[in-house]
Amino acid sequence: MTSSPAARSAASGAGKPGAKPGTPAPAALLAWYDRHRRRLPWRAEPGRQADPYHVFLSEIMLQQTTVKAVGPYFTGFLARWPTVSHLAAAPLEEVLSAWAGLGYYARARNLHACAQAVVARHGGRFPDDEAALLALPGIGPYTAAAIASIAFDLKASPVDGNIERVVSRLYRVAEPLPGAKPRIKALAAALTPAQRLGDFAQAMMDLGATICTPRSPACSLCPWMEPCAARAAGDAALYPVKAPKGEKPKREGAAFLAVRADGAVLLRTRPDKGLLAKMTEVPSTPWGPKPEAPEAHAPLKARWRALPGAVEHVFTHFALTLKVLRADLHATAPAPEGHRWVTPDRFDAEALPSLMRKVLAHGGIE
DNA sequence: TACACGTGGTG
DNA sequence: TCACCAAGTGT
C-alpha cells in the first residue's frame, strides 16, 4: 500500500498537480524538517524569528567547524557579549582569548571587525539585505545568504558543504568540486521556494548533516528519496565528486619552554599577519622543511635541554613536528624584549592556540 | 584560480 | 593509522 507509486509520490510531495515526477518538492523537505529539525542553541523555536546576532555569531563559528565544537563557544560568547554592540566594544585581545582553541583565528578578528562595522554603518542592527551583509568583514557569499534567509526570511540560497552534497546527489552532478560550485549554486537556487526561506535553508543543512551524510547516507529515511538521481543509481556515496588533493608537506622546528622557579612560562604574541596571527605562542625557531639549529633562535641565554619526544600538530596545509627545549630559570629572571612571563593560572586570559597548549603540556606545564 | 588558514572527530 | 571531514573567507 504505502509502496505504491501514488503513495510514494504523495509522501515526497511530488504528486501535486503541476509537479513533475522526480522534481524535489520543497514541501516534502519542510514537512520532514518540521518533524526532525535539530534543536540548536542559536536556533529560534519553531515559528519564531531568530535573533540576527545569534545567527551571525553561530554562522561565523560554524565555518568549517562542527556543531559540537561550536556549542560551548557560542554559549560563552553570548553570555559575555550579549549584543553586537557589546562585542564591538570589547578589546580584540579578549575576543581572541575567548576564541582560542576554535581555530581559523582570522574569523575572530573579522568577527570583531564586523561587529564594529555593524555599529558604525548600521547603528548596531544587522542589515536585512544580502548585499549589505556581504559587504561586512568576514561575511562571504555563504554567510550573507545564511543570515538573510535564517534571520530575515529573505529569498537567498546559502550553499555550504551540506547543501553541496545534497544537491550534487539529487542531480548526480558529475563535474568535480570546486569547479561544480556555480552549477550547484544555480541548482540550489532553482530549488528554493518563495516561503519559509530560513526553514528551507536550515532543512537543507539538517538533511545533509543527519541523512545525506558523506560516507553512508541514510537514503531510506530521506524525504527526497524518490526524486534523487544518485539514490536511483545507487551511488549516492560517490557524490559530490572532488578534485584529488595534493600531499601535505611536513615542517619541523623547536620550541623554547623557559620556566621560572615560580612556575611562570615565557610567552610572546605572534605577528599581526599569517598563521596564528596575534595569538600567544611559546617562542620557537622558524618552522621549515628541515630543522634549524635552535641556538640562534633562543629567546634568552640559558641551559636548554631537549625533552624526550616531540609535539605533533596537523594544520590544514602542513604537518608540524616541534621538539621542545626546556630551561629552568630563577624567579627573578627578566623577560626579554617582546616577551612576558605568564603563570599557568593566567593561561585562560591568553589567546593560546591548541598547538601551544600541546607544547606546554609536553613540558609538564598545567 | 589556488592557496592560506586550525582543530577535533571519525571510519 | 590516517585521510577525510565540519554551516567558508580573504587574498
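Above this text you will find the structure in question.
About the criteria used
Residues numbered from 1 in each chain as written. Chains lettered and ligands numbered in written order. Predicted model: local features only at pLDDT ≥ 70, side-chain atom pairs only at ≥ 80, totals over all residues. Heavy atoms only, no water. Salt bridge = Lys/Arg side-chain N within 4 Å of Asp/Glu carboxyl O. Helix = DSSP H or I, 4+ residues; strand = E, 2+ residues; numbered from the N terminus. Buried < 20%, exposed > 50% of the residue type's maximum accessible area, 1.4 Å probe, protein only. Contact = heavy atoms within 4.5 Å. Near = heavy atom within 4 Å. Polar contact = N/O pair within 3.5 Å; in protein donor to acceptor, adjacent residues only side chain to side chain. Nonpolar A, V, L, I, M, F, W, Y, C, P; charged D, E, K, R; others polar.

**Notes on the pattern of salt bridges**
Okay, step 1: On inspection of all chains with the given rule, the structure shows 16 salt bridges.
Okay, step 2: Across the salt bridge formed by Glu94 and Arg80, the nearest N and O atoms sit 3.2 Å from each other. Here the residue Glu94 occupies a position in helix 6 (residues 92-99), and Arg80 occupies one in helix 4 (residues 67-80), the gap between them amounting to 14 residues.
Okay, step 3: With relative accessibility at 43%, the residue Arg80 sits in the partly exposed group.

**Here's the deal with helix 10 (residues 161-170)**
Okay, step 1: When you tally the buried positions in helix 10, you get nine out of 10 residues, the bulk of the element.
Okay, step 2: Among all positions in helix 10, only Asn162, Ile163, Glu164, Arg165, Val166, Val167, Ser168, Arg169 and Leu170 are buried.
Okay, step 3: Where helix 10 is buried, its residues touch helix 11 (181-191), helix 12 (197-210) and helix 13 (229-233).
Okay, step 4: Positive phi appears at Arg172, one or two residues downstream of helix 10, with a value of about 50°.

**Remarks on the protein's contact with DNA strand B**
Okay, step 1: Lining the immediate environment of DNA strand B, one finds 19 residues, of which Leu276, His313, Thr316, His317 and Ser354 sit closest.
Okay, step 2: Of all DNA strand B atoms lying within 4 Å of any protein atom, the proportion belonging to sugar or phosphate reaches 62%.
Okay, step 3: Tyr105 has a polar backbone atom sitting 2.8 Å from a phosphate oxygen of DNA strand B.
Okay, step 4: Within the backbone of Leu276, a nitrogen or oxygen atom sits 2.7 Å from a phosphate oxygen of DNA strand B.
Okay, step 5: Where the surface near DNA strand B is concerned, the elements lending two or more residues are strand 5 (311-314) and helix 14 (354-362).
Okay, step 6: Broken down by class, the residue content of the surface near DNA strand B amounts to nine nonpolar, nine polar and one charged.

Honestly, it's all geometry; don't read function into it.
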